[in-house]
Amino acid sequence: RMSLVYRYRFKKSGRSLSVSASGGYYRYSGLDHSSQFTILDPLAGFDEQKAKRSSRQYRDRLTENYSFSAGTTYTEPIDRKNRLALDYRFTQTGSLGDSRTYLFDSDAGTFLDAPDLRQSAVSSNIFRTHLAGMRYNFRYRKLQVTASLSYQRVDYQGTSLMPTQYTVHRGFNNPIYSVVANLPFNPENSLRIEARSRTSNPSVSMMQGSVNLTNPSFVRSGNPDIVPSYLHNVNVRYIHTNRRKGSTVSVSMSVSGSGNYLCDSLVVDSPDFEVAEGVKLG
């Protein structure tokens, strides 16, 4: 991962212009082999030849992620206490997920050349994010308040090559806010308030609808229909400092909420549950 920042200060104090850019790349590949045997007689010991049922498979996986971000910030002082900033940032993230599972043909004694479509998926996604807004800063002695409000536009493009071929385009609009305030009541008591919002994009593995049957006791599948989550967080912290005794007491509270939260759904002992279209848990 690399990042670059260029900052220019004008002659007027507090006026500045900064330009930044960053990028990163990640690649992971793996090969998993698994075998399952069903033996009815617990006293017979483990013998592959005496197993009533057996299955073998191997899974070839490749994951690639990249990210690029560029932005600019212009700050303008209103007076000694107030400062205004204009921000714009563009971010693009992309992911490729290639997961192919090959089953073992016991009659031929070798693995099949074609992947099992129930357990295989090849897909990619691209998220393009535009974020534009303004930030206001007020500072007077130890009192500090920073507030920002931005408009965010996220364009999503998803492409699937396996098990089916399709392309999806979606767009999401969200207001993004941030408030940070340090409020000193006196030299011994102060209050800090933080309120923020942000969005979180699902990974390529979360959006793949293929079924992972590597472990029959823990079947997994993604969800191609999930969308980015919209997160909110509020933190309030009260601090009391006794300078004579050299002690500090703080009390904090945090509240979080989300729309379209990204999480797992656990299903237990439900044979008729449809893991994916046409595939029941069993």
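Residues numbered from 1 in each chain as written. Predicted model: local features only at pLDDT ≥ 70, side-chain atom pairs only at ≥ 80, totals over all residues. Heavy atoms only, no water.

*Asks:* For this particular structure, what's the right way to read the overall build of the chain?
*Replies:* When helices and strands are counted, the chain shows 0 helices and 15 strands. The dimensions of the chain, computed from C-alpha atoms along their principal axes, are 85 × 45 × 30 Å. For the chain, the proportion of its 282 residues judged to be buried stands at 26%. A separation threshold of at least 6 residues defines the contact pool for the chain, and within that pool the share at least 24 residues apart is 59%. Accessible surface computed for the chain: about 19000 Å², of which carbon and sulfur atoms make up 53%. (Helix = DSSP H or I, 4+ residues; strand = E, 2+ residues; numbered from the N terminus. Buried < 20%, exposed > 50% of the residue type's maximum accessible area, 1.4 Å probe, protein only. Contact = heavy atoms within 4.5 Å. Areas by Shrake-Rupley, 256 points an atom, 1.4 Å probe, with all protein chains shown as cover.)

*Asks:* Before we go on, may I ask you to explain the environment of Val275 in this structure?
*Replies:* Along the chain, Val275 turns up in strand β14 (residues 274-276). Sequence-wise, Val275 and Ser210 are 65 residues apart; in three dimensions their C-alpha atoms are separated by 9.1 Å. Not counting residues within four places of it along the chain, the set of residues in contact with Val275 comprises Val211, Val219, Ser221, Lys280 and Leu281.

*Asks:* Sorry if this is basic, but what is going on with a nonpolar patch on the surface here?
*Replies:* Taken together, the side chains of Tyr6, Tyr8, Phe10, Leu17 and Val19 present a nonpolar region at the surface, about 460 Å² in accessible area. At the level of secondary structure, the elements contributing two or more residues to the nonpolar patch comprise β1 (2-9) and β2 (16-38). Turning to its location among the elements, Phe10 is positioned in the loop between β1 and β2. (Patch = residues over 30% accessible without salt bridge, like charges linked within 9 Å, V, L, I, M, F, W, Y side chains within 5 Å. Salt bridge = Lys/Arg side-chain N within 4 Å of Asp/Glu carboxyl O.)

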